[in-house]
Amino acid sequence: WQKHLQSHFYPREDRDVLTWDAVVGKTLYQSPTSNDRRLSRGTPPVWKTAMDTNILQAMETVNLDYQRRYRTRCGYNSIHHGYQRVDIMRGPEYLLDLLVVCRHKSKRKVRMMLGRKSLYLHQAYTGVELQEQSSRQMALDNGSLDPDMEPTAKETVHIILPLRGRLSSFERFMANYEAVCLETQSDVQLLIVLFTSTKEESRGILDVLDDYKAKYPFSVIKVITMTGSFSRGIGLKVGASQFGNTSLLFFCDVDVIFTKHFIDRCRANTVLGRQVYFPVMFSQYD
């Protein structure tokens, strides 16, 4: 058992220790740190079903060895005692002492023998499955949204980008914007709130925009020039003031790399007058 119980998790404090719950017969004894204040109770049906399922699967493996070595099979009778816990990183674990019935056949008669079998069971998690449902559909399901309200699936997404300097980062942003929105002719428009810095950087940014406008004449790319120190909040406020109250706005940053699926989620997960879409961004490092 010890080699199976080795884990890559090392608790730093007493409260981080993964405690075991004891199972004796049909009674469950929980550790004092458990959320349930009852230290003993009957084994919950869900736990019993999970343990029985794992035990039956394990006994099939045990019987393969028994048939090869002893030409007999053992049947699971009941749990004499055992322990169980849930490792959030690895899955449920069980240490079980089982009562088993073995059927031994000799030349003249068949004998039924009662024995005990110790098992260590680890129920691994399955692969990660992602099931995504739009907020509009969820709102329709729970009755908080009028079904006659028009969906935002085909609305134009207006990207508002406050910017000051950072020409190389802006060139990377525009390359991503070209691949996601311009080349696919997505219904997306870009508004840049440009805080002036040095003349060279500001001119370089405007030159980049002129190149994209010439390459994609159908695109809508606008620039608002502002003076003073850079403020992302002021830039977003000024940009948002250019649109109506029903416009779908995407507050963006020059370092953000997004995909076409993200733009689709912006449309699917916003509900006019009720809900905004606020995903948590993360950084990627080389």
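You'll find the structure just up there.
Computed from a prediction, not measured in an experiment: that's the story for all the values here.

Draft legend 1. Structural context of the state of the cysteines. With the rule as written, the count across this model stands at one disulfide. A sulfur-sulfur separation of 2.2 Å characterises the disulfide bridge that pairs Cys-74 with Cys-102. On the sign convention where negative means left-handed, the S-S torsion of about 85° between Cys-74 and Cys-102 marks this disulfide as right-handed. One end of the pair, Cys-74, is in strand β4 (residues 73-87); the other, Cys-102, is in strand β5 (residues 91-105), and 28 residues separate them in sequence. There is no split in this pair, since Cys-74 and Cys-102 are both buried. Its sulfur unpaired, Cys-252 is 9.3 Å from the next cysteine sulfur, which belongs to Cys-266. Accessibility expressed as a relative area gives 5% for Cys-252, which makes it buried. Using a relative accessible area of 8% as the deciding quantity, one classes Cys-266 as buried.

Draft legend 2. A look at the nonpolar core. Ile-159, Phe-170, Phe-173, Met-174, Tyr-177, Leu-190 and Phe-258 are the most contacted members of the largest nonpolar core, which totals 30 residues. Breaking this core down by element, the ones donating at least two residues are β7 (157-163), α4 (167-182), β8 (188-195), α5 (199-215), β10 (248-251) and α7 (260-268). Among the elements that take part in this core, α4 stands out by supplying seven residues, more than any other. The contact partners of Phe-170, leaving out residues within four places of it in the chain, are Leu-161, Leu-163, Ile-192, Ile-205, Val-208, Leu-209 and Val-254.

Draft legend 3. Layout of the layout of surface pockets. Estimated volume of the largest pocket: approximately 610 Å³. Lining of the largest pocket is provided by 25 residues; of these, Leu-249, Phe-250, Thr-270, Val-276 and Tyr-277 occupy positions nearest its centre. Elements with a minimum of two residues in the lining of the largest pocket: β10 and α7. Ranked by residue count, the leading element in the lining of the largest pocket is β10, at four residues. Of the residues contributing to the lining of the largest pocket, the split by class is 16 nonpolar, seven polar and two charged.

Draft legend 4. Molecular detail of empty space enclosed by the protein. Counting across every chain of the model gives one cavity of 30 Å³ or more. The calculated volume of the largest cavity comes to roughly 40 Å³. Around the largest cavity sit His-158, Gln-189, Leu-190, Leu-191, Lys-222 and Phe-243, which together line it. The element best represented in the lining of the largest cavity is β8, accounting for three residues. Of the residues in the lining of the largest cavity, the class split is three nonpolar, two polar and one charged.

Draft legend 5. Broad picture of the side chain of His-158. Locating His-158 in the fold gives a position in strand β7. For His-158, a relative accessible area of 11% corresponds to the buried category.

Draft legend 6. Main features of a nonpolar patch on the surface. Nonpolar side chains collect at one region of the surface, where Val-86, Ile-88, Met-89 and Tyr-125 lie side by side and expose about 480 Å² of accessible area between them. For Val-86, the location among the structural elements is in strand β4. Val-86 sits in the partly exposed class, given a relative accessible area of 47%.

Draft legend 7. A look at the packing of α4 against α5. Where α4 meets α5, the closest approach of the two axes is 10 Å, and the angle between their N-to-C directions is 15°. By the angle class used here, α4 and α5 are roughly parallel. Of the two possible hands of crossing, α4 and α5 adopt the one that is right-handed. Contacts between α4 and α5 involve Leu-167, Phe-170, Glu-171, Met-174, Ala-175, Glu-178 and Leu-182 on the former and, on the latter, Glu-201, Gly-204, Ile-205, Val-208, Leu-209, Tyr-212 and Lys-215. Of the residues in the contact of α4 with α5, the class split is nine nonpolar, one polar and four charged.

Draft legend 8. Examining the pattern of salt bridges more closely. Counting across every chain of the model gives 13 salt bridges. The partner of Lys-48 in a salt bridge is Asp-52, and the shortest N-O contact between them spans 2.9 Å. Highlighted residues: Lys-48 and Asp-52, both in helix α2 (residues 45-70), separated by four residues, approximately one helical turn. A relative accessible area of 42% places Lys-48 in the partly exposed class. Residue Asp-52 is classed as buried on the basis of its relative accessible area of 19%.

Cut-offs and rules
- Residues numbered from 1 in each chain as written.
- Predicted model: local features only at pLDDT ≥ 70, side-chain atom pairs only at ≥ 80, totals over all residues.
- Heavy atoms only, no water.
- Disulfide = S-S within 2.5 Å.
- Helix = DSSP H or I, 4+ residues; strand = E, 2+ residues; numbered from the N terminus.
- Buried < 20%, exposed > 50% of the residue type's maximum accessible area, 1.4 Å probe, protein only.
- Core = buried A, V, L, I, M, F, W, Y, C linked by side-chain atoms within 4.5 Å.
- Contact = heavy atoms within 4.5 Å.
- 1 Å grid on protein atoms, 1.4 Å probe; cavity = no way out; pocket = protein on both sides within 12 Å on 5 of 7 lines; lining within 4 Å.
- Points joined across faces, edges and corners; volume = space filled by probe spheres on them.
- Nonpolar A, V, L, I, M, F, W, Y, C, P; charged D, E, K, R; others polar.
- Patch = residues over 30% accessible without salt bridge, like charges linked within 9 Å, V, L, I, M, F, W, Y side chains within 5 Å.
- Areas by Shrake-Rupley, 256 points an atom, 1.4 Å probe, with all protein chains shown as cover.
- Salt bridge = Lys/Arg side-chain N within 4 Å of Asp/Glu carboxyl O.
- Axes fitted to C-alpha atoms, helices over the stretch in contact; angles between N-to-C directions.
- Parallel < 35°, antiparallel > 145°, perpendicular 65-115°, else oblique.
- Left-handed = near helix turned anticlockwise from the far one by under 90°.

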